[in-house]
Amino acid sequence: MKKYKFELFAVTAPGLESVCARELTALGMAEVVLCKGGVSFQGGLEELYRANLWLRSATRVLVRLGAFGCRDFPDLYRKALRLPWGRFIKPGTRIQVKATSHRSRLQHTGRIAETVQESAGRVLGGAVASDGGPDQLVLVRFEDDQCLISVDSSGELLHRRGYRQKIGAAPMRESLAAGILMLLNWNARAPLVDPMCGSGTFVIEGALMGMRRAPGIERRFAFMQWPRYRPGLWQVLQIQARSAEQPVEMSLIGRDRDPAVLEAASCNASKAGVEAVTLFQTAELGTGDVPEQPGLVLCNPPYGGRLGHDGALIKLYRQLGDIYRSDYRGWQGAVLCPDGPLAQALGGGFDRLDFLDNGGLEVGLYVAHL
Ligand SMILES: C[S@@+](CC[C@H](N)C(=O)[O-])C[C@H]1O[C@@H](n2cnc3c(N)ncnc32)[C@H](O)[C@@H]1O
């Protein structure tokens, strides 16, 4: 069978590109190049499957279908007709085309999407808009009159690992939690404490990393609907991933004052298969034992914006900084929060390591060596 090599692109949230590149390099991918909004790399079907199976910090993995210069709609239609649609999309699949355009003559993104959809429909025999079939997302990007068309191989976003059934008031994406643990170089062998854990995302992602559990092992992907899907290859990769799992020996503790969110955290941990290695405790900030071996204490406290601002927040952040400094000496401390008065209230010793995007809000990752 002819072995295709694809131009692949792992999409990430802003700020997570570097950790995603590290993940791809560790997976042995070729031609890993850091870009804005993600990381490009190369590979065949096996690499594509492995990227979806293993990437913790990415949002989706795209395959480049084609790229060409283009300045009018008839040209777009003609050039899109020449793309190898049938390699990725079965006739009858419902195609959703999303377009963006910057600094290009073709600016009407709705019309760009329609044009590409028409070309794909013609190549695939016209039956692409039928309801009820599986969805296939196609992304079209115009920049400086260059058109790039990609097919999404992931389907549901990769942060949806499949374990989170219940959420708290402002949960963070699993990919962001995992990305932060990697940005902090947490080695998955030292204790992890989240004193305001909500639905437990940091702790559960930490447990999955510690166990070397492939984050995508339980879920389905868009590539499973493609004409050349190789279920046998996927099965082999799943078996290899299962056999690479290892026991977790460190403490992974999530605490929160709200028993309802902790119940959600416990349910999620159990669905993720990490309930035996995680501990969730109802506790007011500053209460609860601190593990003897130093590790990482991190949290994503309320910001006010999404959770309802009140003057007590500044006090809460002051208290948080004080507790980190007094109770977690020798630990690495991290807080994800917006710049400004809340970050300042953490007090001395905290430096902003990075800017990240949490649910559309720009936040800083503040880190202290305590
Ligand atoms: C933004 S949420 C954390 C979301 C979490 N990272 C997740 O993924 O679900 C902040 C959490 O801090 C908790 N919290 C607020 N004040 C607290 C306090 N004084 N002590 C303990 N927990 C507190 C809230 O109950 C809430 O669940």
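Every chain begins its residue count from 1, and numbering advances along the sequence as written. Side-chain atom pairs in this predicted model are given and counted only at pLDDT of 80 or more, local residue features only at pLDDT of at least 70, and totals for whole chains, interfaces and linings cover all residues.

K.L.:
Talk me through the overall build of the chain; I want residue IDs and the actual numbers.
P.N.:
Under the DSSP-based scheme used, a helix requires at least four consecutive residues in state H or I and a strand at least two consecutive residues in state E, with every element numbered from the N terminus. Of regular secondary structure, the chain possesses ten helices and 14 strands. With the radius of gyration taken over C-alpha atoms, the globule rule is written as 2.2 Å times the number of residues to the power 0.38. Over its C-alpha trace the chain gives a radius of gyration of 23 Å, about what one expects of a compact globule, namely 21 Å for 370 residues. Projected onto its principal axes, the C-alpha coordinates of the chain cover approximately 65 × 45 × 35 Å. Exposure classification rests on a simple neighbour count of other C-beta atoms within 10 Å of a residue's own: a residue reaching 20 or more is buried, one at 12 or fewer is exposed, and one in between is partly exposed. C-beta atoms are placed from the backbone. Within the chain, the proportion of its 370 residues that are buried is 45%. It is the C-beta atoms, placed from the backbone, that decide contacts: two residues are in contact if theirs lie within 7 Å. By sequence separation, contacts in the chain at least 24 residues apart represent 78% of the contacts at least 6 residues apart.

K.L.:
Can you lay out the pairing of strand S10 (residues 279–282) for me, pointing to particular residues and giving the numbers?
P.N.:
The pairing criterion is simple: DSSP has to find at least two bridges between the two strands. When strand S9 (residues 252–256) meets S10, the two strands line up parallel, connected through four bridges. Bridging across to S10, Ile 253 finds its partner in Leu 279.

K.L.:
I'd like to hear about the site of the ligand, residue by residue, with values.
P.N.:
Contacts to the ligand come from 19 residues, most closely from Met 196, Gly 198, Ser 199, Thr 201 and Leu 285. All residues other than Ala, Val, Leu, Ile, Met, Phe, Trp, Tyr, Cys, Pro, Asp, Glu, Lys and Arg, Gly among them, are scored as polar; the first ten of these are nonpolar and the last four charged. Of the residues that constitute the shell around the ligand, the class distribution is ten nonpolar, five polar and four charged. Only the C-beta atom matters for this test: placed from the backbone, it must lie within 6 Å of a molecule or strand for the residue to be near it.

K.L.:
Tell me what's going on with helix H6 (residues 201–211), and back it up with residues and numbers.
P.N.:
The buried fraction of H6 is high, at ten of eleven residues. Among all positions in H6, only Thr 201, Phe 202, Val 203, Ile 204, Glu 205, Gly 206, Ala 207, Leu 208, Met 209 and Gly 210 are buried. Close packing links the buried residues of H6 with helix H5 (174–183), strand S8 (192–194), S9, helix H8 (259–271) and strand S11 (296–299). Phi for Arg 212, located one or two positions after H6, is positive at around 55°.

K.L.:
Please provide a residue-by-residue account of the confidence of the model for the chain, values included.
P.N.:
The quantity called pLDDT is the predictor's confidence in a given residue, expressed from 0 to 100. Considering every residue of the chain, the mean pLDDT works out to 92; 94% of them sit at 70 or more. Confidence, expressed as mean pLDDT per element, reaches its minimum in the chain at strand S13 (residues 351–358) with 91 and its maximum at strand S7 (residues 146–152) with 98.

K.L.:
If you had to explain the packing of helix H2 (residues 45–54) against helix H7 (residues 231–243) to someone new, which residues and values would you point to?
P.N.:
To obtain an axis, a line is fitted to C-alpha atoms, over the contacting stretch when the element is a helix, and the angle between two such axes runs from 0 to 180 degrees between their N-to-C directions. H7 packs onto H2 with a crossing angle of 45° between their chain directions and a minimal axis gap of 10 Å. On the basis of their axis angle, the class for H2 and H7 is oblique. By crossing handedness, the relation of H2 to H7 is classed as right-handed. Side by side, H2 and H7 meet where Leu 45, Glu 46, Tyr 49, Arg 50 and Leu 53 of the first sit next to Leu 233, Trp 234, Leu 237 and Ala 241 of the second. Working definition: roughly parallel below 35 degrees, roughly antiparallel above 145 degrees, roughly perpendicular at 65 to 115 degrees, and oblique for all remaining angles. In this scheme, a crossing is called left-handed if the near helix is turned counterclockwise away from the far one by less than a right angle; it is called right-handed if the turn is clockwise.

K.L.:
Mind laying out the environment of His 102, listing which residues take part and the relevant values?
P.N.:
Along the chain, the position of His 102 falls in strand S5 (residues 94–102). For the pair His 102 and Ile 149, spaced 47 residues apart in sequence, the C-alpha to C-alpha distance is 14 Å. When neighbours within four sequence positions are excluded, His 102 is seen to be in contact with Phe 142 and Glu 143.

K.L.:
I'd like a rundown of the domain arrangement of the chain, residues and numbers included.
P.N.:
Size of an interface, as often reported, equals the accessible area lost when the parts are brought together. An automatic or database domain assignment provides the domain bounds reported here. On domain assignment, one finds that the chain holds domain 1 (6–152) and domain 2 (174–213 + 245–369). The C-alpha-based centres of domain 1 and domain 2 are spaced at 35 Å. With ten residues of domain 1 at the interface, the matching set in domain 2 holds eleven residues. Residue assignment for the side of domain 1 that touches domain 2 shows that the elements contributing at least two residues are helix H1 (17–26) and strand S4 (58–69).

K.L.:
Run through unusual backbone geometry, naming residues and quoting values.
P.N.:
The phi dihedral of Ala 188 falls on the positive side, at around 60°, and the residue is not glycine. Topologically, Ala 188 is positioned in the loop between H5 and S8. Of note in this structure, Arg 212 is not a glycine but carries a positive phi near 55°. Tracing the chain through its elements places Arg 212 in the loop between H6 and H7.

K.L.:
Got a sec to walk through the sheet that holds S13? Specific residues and values, please.
P.N.:
Each strand in a sheet pairs with its neighbour through backbone hydrogen bonds, running either in the same direction (parallel) or in the opposite one (antiparallel). Sheet architecture is open: seven strands sit in the order S10-S9-S8-S11-S12-S14-S13, paired in mixed fashion. The strands lining the two open edges of the sheet, one partner per strand, are S10 and S13. Going across the sheet, the axis of each strand differs from the next one's by a mean of 20°, ignoring polarity. H5 contacts strand S12 (332–337), S13 and strand S14 (361–369) of the sheet and is inclined by roughly 160° relative to S13. Across the sheet, H8 lies against S9 and S10, angled at about 170° from S10, the strand it touches most.

K.L.:
Just give me the short version of the packing of helix H3 (residues 73–81) against helix H4 (residues 109–123), but keep the residues and values in it.
P.N.:
In contact at an axis separation of 8 Å, H3 and H4 are set at 35° when each is read in the N-to-C sense. Crossing angle aside, the handedness with which H3 passes H4 is right-handed. Mapping the contact onto sequence places Phe 73, Leu 76, Tyr 77, Ala 80 and Leu 81 in H3 and Arg 111, Ile 112, Thr 115, Val 116, Glu 118, Ser 119, Ala 120, Arg 122 and Val 123 in H4.

K.L.:
Can you tell me about H1, naming the residues and giving the values?
P.N.:
Within H1 the residues assigned to the buried category are Glu 17, Val 19, Cys 20, Ala 21, Glu 23 and Leu 24. Against strand S1 (6–12), strand S2 (30–35), strand S3 (38–43), S4 and H5 lie the buried residues of H1. Note on H1: the residue one or two positions beyond its end, Gly 28, has a positive phi of about 80°.

K.L.:
So what's going on with the sheet that holds S1? Which residues, and what values?
P.N.:
An order of S2-S3-S1-S4-S7-S6-S5 is seen for the seven strands of this open sheet, with the pairing classed as mixed. With partners counted over all chains shown, the strands left at the sheet margins are S2 and S5, one partner each. Averaged over neighbouring strand pairs, the angle between their axes works out to 25° when direction is ignored. In this sheet, S7 lies alongside strand S6 (residues 135–143) in antiparallel orientation, the contact comprising six bridges. Opposite Glu 143, over in S7, you have Gln 146 as the bridge partner.

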